[in-house]
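# Examination of the molecular architecture
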Amino acid sequence: RLAEHYAARVRWQRQLRSRLALPLALLVLLALLAPLPALIGGSLDGAGYLLRALLPLFALALLLGAWRRFARRHVGRELPLASERLLLALPGLGGLLRLRGRRDLLLNLALLLTAGRPAVDALAEAAETVRNPVLRGAYRLAADDVAGGALVSEALARRGALDARQGVPLVSTGEFAGSLDRLLELHAEQLSARLDLVDGALAEWLPRLLYFGVLGLLAWGVLSLAW
């Protein structure tokens, strides 16, 4: 499961990097062409041209390097609780984070149940695999509910880990039929498919937005020279 998960993430990252190559190449070209009229007009010498052309590229490379270093040092670490709550409250992003948290919880819960763990222990352990501390706290309460006698489907729905339209009927059916682990895994795969669609849309549109932004800067530079 881990191999499948990380292989999918690597494929997505490679796809995104390959699609970002053209916008970044255009950005480099724009930085090199922008001071060229001043060089031709004589208001800049060769050293001034190199300074004006390479300084934005150097600043961009420095910013990207700092971001990569920050991301690598803080991978897996949590933000302050107030920041995590704010992210969950943001439109769009909050729903995506909740969807990812539900998927992680349900998939790990299904694997633990398949391995023979009791439902209470499996739910408590699966809750610890959720990165967001706000969601993790809610899912811990679901384990307490099950320990108090609640059904797994009821506890998960009460704490926001199942949606009423699709998740609750599916998981409750598996609970009464004795196939809770299989139907939890099925629902987790459905959530993974939704997440794959979102990731695919991001990989498709983020490079396009950057591409059109660079083209807009290039058009602005051309129009400013014309006027």
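Above this text you will find the structure in question.
So, a few notes on the structure that sits alongside this text. (Residues numbered from 1 in each chain as written. Predicted model: local features only at pLDDT ≥ 70, side-chain atom pairs only at ≥ 80, totals over all residues. Heavy atoms only, no water.)

## Here's the deal with the overall build of the protein
The helix and strand inventory of the protein stands at ten helices and zero strands. Starting at the N terminus and walking to the C terminus, you meet the elements of the protein as α-α-α-α-α-α-α-α-α-α. Relative to the globule expectation of 17 Å for 227 residues, the C-alpha radius of gyration of the protein, 25 Å, shows a markedly less compact shape. Across its three principal axes, the protein shows a C-alpha extent of roughly 85 × 30 × 30 Å. A buried classification covers 30% of the 227 residues belonging to the protein. Looking at the protein alone, contacts between residues at least 24 apart form 57% of all its contacts between residues at least 6 apart. (Helix = DSSP H or I, 4+ residues; strand = E, 2+ residues; numbered from the N terminus. Rg over C-alpha atoms; globule rule 2.2 N^0.38 Å. Buried < 20%, exposed > 50% of the residue type's maximum accessible area, 1.4 Å probe, protein only. Contact = heavy atoms within 4.5 Å.)

## Details of the side chain of D199
Inspection of the secondary structure puts D199 in helix α10 (residues 180-226). With near-sequence residues (within four places) excluded, D199 lies in contact with R9, W12 and R100.

## Here's the deal with the nonpolar core
Formed by 30 residues in total, the largest nonpolar core has its most connected members in L105, L106, L109, L123, Y139, L156 and L184. Of all the elements in the fold, those that place two or more residues in this core are α5 (93-114), α6 (119-127), α7 (133-147), α8 (152-158) and α10. With eight residues, the top contributor of residues to this core is α5. In this view, L184 contacts L106, L109, A110, L113, L156 and V171; residues no more than four positions away in its chain are not counted. (Core = buried A, V, L, I, M, F, W, Y, C linked by side-chain atoms within 4.5 Å.)

## Overview of α5
In this model, α5 (22 residues) spans 32 Å end to end at C-alpha, consistent with the 32 Å of a helix rising 1.5 Å per residue. Taken together, the buried positions of α5 are occupied by G94, L96, L99, G101, R102, R103, L105, L106, L107, L109, A110 and L113. A positive phi of about 100 degrees marks G116, the residue just after α5. (Expected span 1.5 Å × (residues − 1).)

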